[in-house]
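Chain residues, written in single-letter form:
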Amino acid sequence: MAWNYSEKLKDHFLHPRNVGVLEDADGKGEVGSVACGDALTFYLKTDPQTGRITKATFQTFGCGSAIASASALTEMVIGKTVEEALRITNQDIADYLDGIPQEKMHCSVMGREALEAAVAAMRGEKRAADTHEEGKIVCHCFGVTDRKIERAIRENNLTTVEQVTNYTKAGGGCGTCQAEIEEILNRVLEERRREAPPRPAAAGGARMTQLRKIALIQETIEHEVRPVLQKDGGDIELIDVEGDTVRVSLVGHCAGCMAAGFTTGWIQDKLRELVSDRLTIVIEPPGAAEAQR
Amino acid sequence: MKPIYLDNNATTAVAPEVLEAMLPFLRERYGNPSSIHAFGGDVARDVERARERLAALLGAESPTEIVFTSCGTESDNTAILSALEAYPDRRQFITTRVEHPAVLSLAHHLERKGYEVVRVGVDRDGLLDLVELRAALSPRTAIVSAMWANNETGVVFPVEELARMAHEAGALFHTDAVQAVGKIPIDLRRSAIDMLSLSGHKLHAPKGIGALYVRRGTKFRPFLIGGHQERNRRGGTENVPGIVALGAAAELALRHIQEEQTAVRALRDRLENGILERIPDVIVNGHRERRLPNTSNVSFEFVEGEAILLLLDQAGICASSGSACTSGSLEPSHVLRAMGVPFTFAHGSIRFSLSRYNTAEEIDRVLAELPPIIARLREISPFSRAHPVPDCAATCPTGCRGPKSCTPPAPPEDPDPPRRRFGPQHRRR
Ligand SMILES: Cc1ncc(COP(=O)(O)O)c(C=O)c1O
């Protein structure tokens, strides 16, 4: 715990910018609740001529990263048009702070939600994001809907239930909804797989990076992972790489062994260390490689 | 600057005398107490002297009632599993909702293995519901395990009464006294307790040494099965430096036990009363009399605990919190939830735990640093006395489980912290 925070996050926590009530605000957004452990009120003021945000302030009940996320967001939106501001994602907030610990990502999600709520209020709209009517509550401990879960999965390329909990808190209370979260996760991942168009060999940096990434992943699996697994009579096969999701299957001893969960974590750590810390590993059932071929 | 350390329920400083006592066993006196030669055999005598010292601190009838272990957790596990194995026809285990994970996680594990587990609740002051306990006791009960003193609130359970109740049902009684030993006088000669756990690092010995008291005549089954060490009750070559250190710490603790009741208590009260005088909207969690003399658990309304801890840390002050952000789960501490502490307070709880090494100057520095920290966070908070936390139903966009009054629901029957259902648990196997 403690100072597991970047210098920038620490600075925004120790010296939060733009704190307080904005008396002449055009929009005010409130999200979270004390019961859930964090709450945020976000105020916006725009210039009617230019449509740009001239002032933004906040009040937060929450931990260090909740305070820092809200503080960062005020700085990020000031000077932007409302449309530009709405394009800020929770990952942008995290990046602005030089990263937020994984288990605190929900703080940045809360910031984005509060901003949307404030804009909606300013426009006289009913708040769109996660109100009662919008979707079905999945996590009753923290009142998280399937909509919110789905959105977090899509926007942040989440692949595990634990990540969903880190980003939305869903499943982090009594834990009984974890199976339901997993269903949503599987459905969204399946949809994404189908949605993803077969990529043409387009030129350009992004494509190159992806190629380079795949090469690095192959190299890492070949030289770092496989030898270790083979020592235990197991093996690994790389099936596919989609974005930052690495699909592999474990064979031999590794498949279904008691330590599979441990092995997965270790492989993911290796890939993150040697390739990119955004990578997530997904284990396919043995034989998936054959099926795909 | 040396930090002001008010987190002694988490762990304590090794006393200088204790360090001195153990050092020879890390240097030249490295013999194995089981050896035939004098070089090892002499060490056995030091182990036995440590056992006597610990027996003296506990008021045990005989030093042979002490089994050295590796930590408090091992002692707790050993005691409970021993009872279940010794009485295979009794398939029920009774404990409380506010135990340390050393007991609660084991309870969860036992439940999955088919044992019946009852977790008795507490009231708003953290006092045990004796009616519920009595109702749960039956001829199926193998053992009742209830902590002597709570690590978060310091609340003390009436262990003698609990032991008698367990015995009436023919069950054994074990107490996790990890937080009690060295802080309150214990006299097991005049007690009905069958087994008692303690841990060295909570009483100025190092980490990695603990002990289990097993009353003579109590049926016992070892947890670590191996060599003949500890009279066949715990296999494994003895942690001699740790054992010697625990013996030295026990002797020191016995000498200072009155000081805990007077000087440490006075410092704790100075801190707690000072906070209550200087800061508005604060409550004390746990019964104010029936608790350890060194512990103060206070909640600051409208602010969140982790933020308080981080700012205290900036000021060189070490404490801990039961807030969600620090409890390793997304919900506040299971102890405060079991007590029904409202969410508005549970998230803003801070535990200060003192030792005899703290001074009045340190307490006064905390009293100078803390009010501006709370004031600063309250300035950032959307809530205040003028803007009270609204009805839960009104703020929670989707009507979360916290009902209208914002009172937390009782923790689920199985309060195993949910986050642990991920990774680490898989790893443990
Ligand atoms: C009440 C209680 N029981 C058990 C333990 C575990 O002791 P150890 O860390 O020695 O395993 C602790 C320490 O945190 C404790 O406070």
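Shown above is the structure to which this text applies.
Residues numbered from 1 in each chain as written. Chains lettered and ligands numbered in written order. Predicted model: local features only at pLDDT ≥ 70, side-chain atom pairs only at ≥ 80, totals over all residues. Heavy atoms only, no water.

Novice: An account of the overall build of chain B is needed here, citing residue identities and associated values.
Specialist: From N to C terminus, chain B includes 14 helices and 13 strands. Relative to its full complement of 429 residues, chain B shows a buried share of 61%. Relative to all contacts within chain B whose residues are 6 or more apart in sequence, the contacts with residues 24 or more apart total 73%. Working note: accessible area of chain B is about 16,500 Å², and carbon and sulfur atoms make up 54% of it. (Helix = DSSP H or I, 4+ residues; strand = E, 2+ residues; numbered from the N terminus. Buried < 20%, exposed > 50% of the residue type's maximum accessible area, 1.4 Å probe, protein only. Contact = heavy atoms within 4.5 Å. Areas by Shrake-Rupley, 256 points an atom, 1.4 Å probe, with all protein chains shown as cover.)

Novice: Quick one: what's the story with the pattern of salt bridges, residue by residue and with numbers?
Specialist: Residue and element names in this part refer to chain A. Tallied over the entire structure, the rule returns 44 salt bridges over all chains. The residue Arg 194 makes a salt bridge to Glu 190 at a minimum N-O spacing of 3.7 Å. With Arg 194 and Glu 190 both in helix α8 (residues 178-195) and four residues apart, the pair spans about one turn of that helix. The exposure class assigned to Arg 194 is exposed, which follows from its relative accessible area of 62%. Through salt bridges with shared partners, a single network forms among Arg 112, Glu 116, Arg 151 and Glu 155. (Salt bridge = Lys/Arg side-chain N within 4 Å of Asp/Glu carboxyl O.)

Novice: Could you give an account of α8(A), with specific residues and numbers?
Specialist: All names here are of chain A. An ideal rise of 1.5 Å per residue puts 26 Å on 18 residues; α8 measures up with 25 Å between its terminal C-alpha atoms. Within α8 the residues assigned to the buried category are Gln 178, Ile 181, Ile 184, Leu 185, Val 188 and Leu 189. With its buried residues spanning 130° around the axis, α8 presents them on a single face. Structural note: α8 exposes Ala 179, Glu 183 and Arg 194 on the side pointing more than 90 degrees away from its buried face. Its buried side turned inward, α8 meets β4 (137-139), α6 (146-156) and α7 (161-168). (Expected span 1.5 Å × (residues − 1). Arc of directions from axis to C-beta.)

Novice: Describe a negative patch on the surface, with residues and values.
Specialist: Residue and element names in this part refer to chain B. A surface patch of like charges, here negative, comprises Asp 123, Asp 125, Asp 129 and Glu 132. Of note, Asp 125 is situated in the loop between β4 (116-120) and α5 (130-136). With relative accessibility at 34%, the residue Asp 125 sits in the partly exposed group. (Patch = residues over 30% accessible without salt bridge, like charges linked within 9 Å, V, L, I, M, F, W, Y side chains within 5 Å. Lys, Arg positive; Asp, Glu negative; His and termini not counted. Charge placed at Lys NZ, Arg CZ, Asp CG, Glu CD.)

Novice: Which residues make up the packing of aromatic side chains, and what are the values?
Specialist: All chains considered together, the criterion is met by two aromatic pairs over all chains. With a centroid separation of 4.9 Å and 70° between ring planes, the pair formed by B:Tyr30 and B:Phe39 is classed as edge-to-face. Above the plane of the ring of A:Tyr96 lies A:Lys8, whose end atom (NZ or CZ) is 4.1 Å from the centre. Lying across the ring of B:Tyr115, B:Arg91 places its NZ or CZ 4.2 Å from the centre. (Phe/Tyr/Trp six-rings, centres within 6.5 Å; stacked < 30°, edge-to-face > 60°. Lys NZ or Arg CZ within 6 Å of the ring centre and 35° of its normal.)

Novice: Just give me the short version of the pairing of strand β6 (residues 172-176) of chain B, but keep the residues and values in it.
Specialist: All names here are of chain B. In terms of burial, β6 is a largely internal element, five of the five residues being buried. Residues of β6 alternate between two faces, with Leu 172, His 174 and Asp 176 on one and Phe 173 and Thr 175 on the opposite face, all of them buried. The handedness of the strand β5 (residues 141-145) to β6 crossover, carried by helix α6 (residues 159-168), is right-handed. Where β6 lies against strand β7 (residues 195-199), three bridges are found, and the strand directions are parallel. Counted as the bridge partner of His 174 is Met 195 from β7. (Right-handed = clockwise from strand over helix to strand, strands pointing away. Pairing = 2+ DSSP bridges.)

Novice: Report on the pairing of strand β8 (residues 210-214) of chain B, specifying residues and quantitative values.
Specialist: Residues and elements named next belong to chain B. With respect to burial, β8 is a largely interior element, five of its five residues being buried. Here β8 shows a buried face lined by Gly 210, Leu 212 and Val 214 and a second buried face lined by Ala 211 and Tyr 213. Bridge count for strand β2 (residues 66-69) against β8 is four bridges, and the pairing is antiparallel. Opposite Ile 66, over in β8, you have Tyr 213 as the bridge partner.

Novice: I'd like a description of the sheet that holds β2(B), backed by residues and values.
Specialist: Residues and elements named next belong to chain B. If you walk across this open sheet you meet the seven strands as β2-β8-β7-β6-β5-β3-β4, and the pairing is mixed. Each edge of the open sheet is held by one strand with a lone partner, namely β2 and β4. For this sheet, the mean angle separating the axes of adjacent strands, direction not counted, is 20°. The sheet contacts of helix α2 (residues 38-58) involve β2, β7 and β8, and relative to β2 the element is tilted by about 115°. Sheet strands touched by helix α3 (residues 72-86): β2, β3 (92-96), β5, β6, β7 and β8. Its angle to β7, the strand with the most contacts, is close to 160°. (Axes fitted to C-alpha atoms, helices over the stretch in contact; angles between N-to-C directions.)

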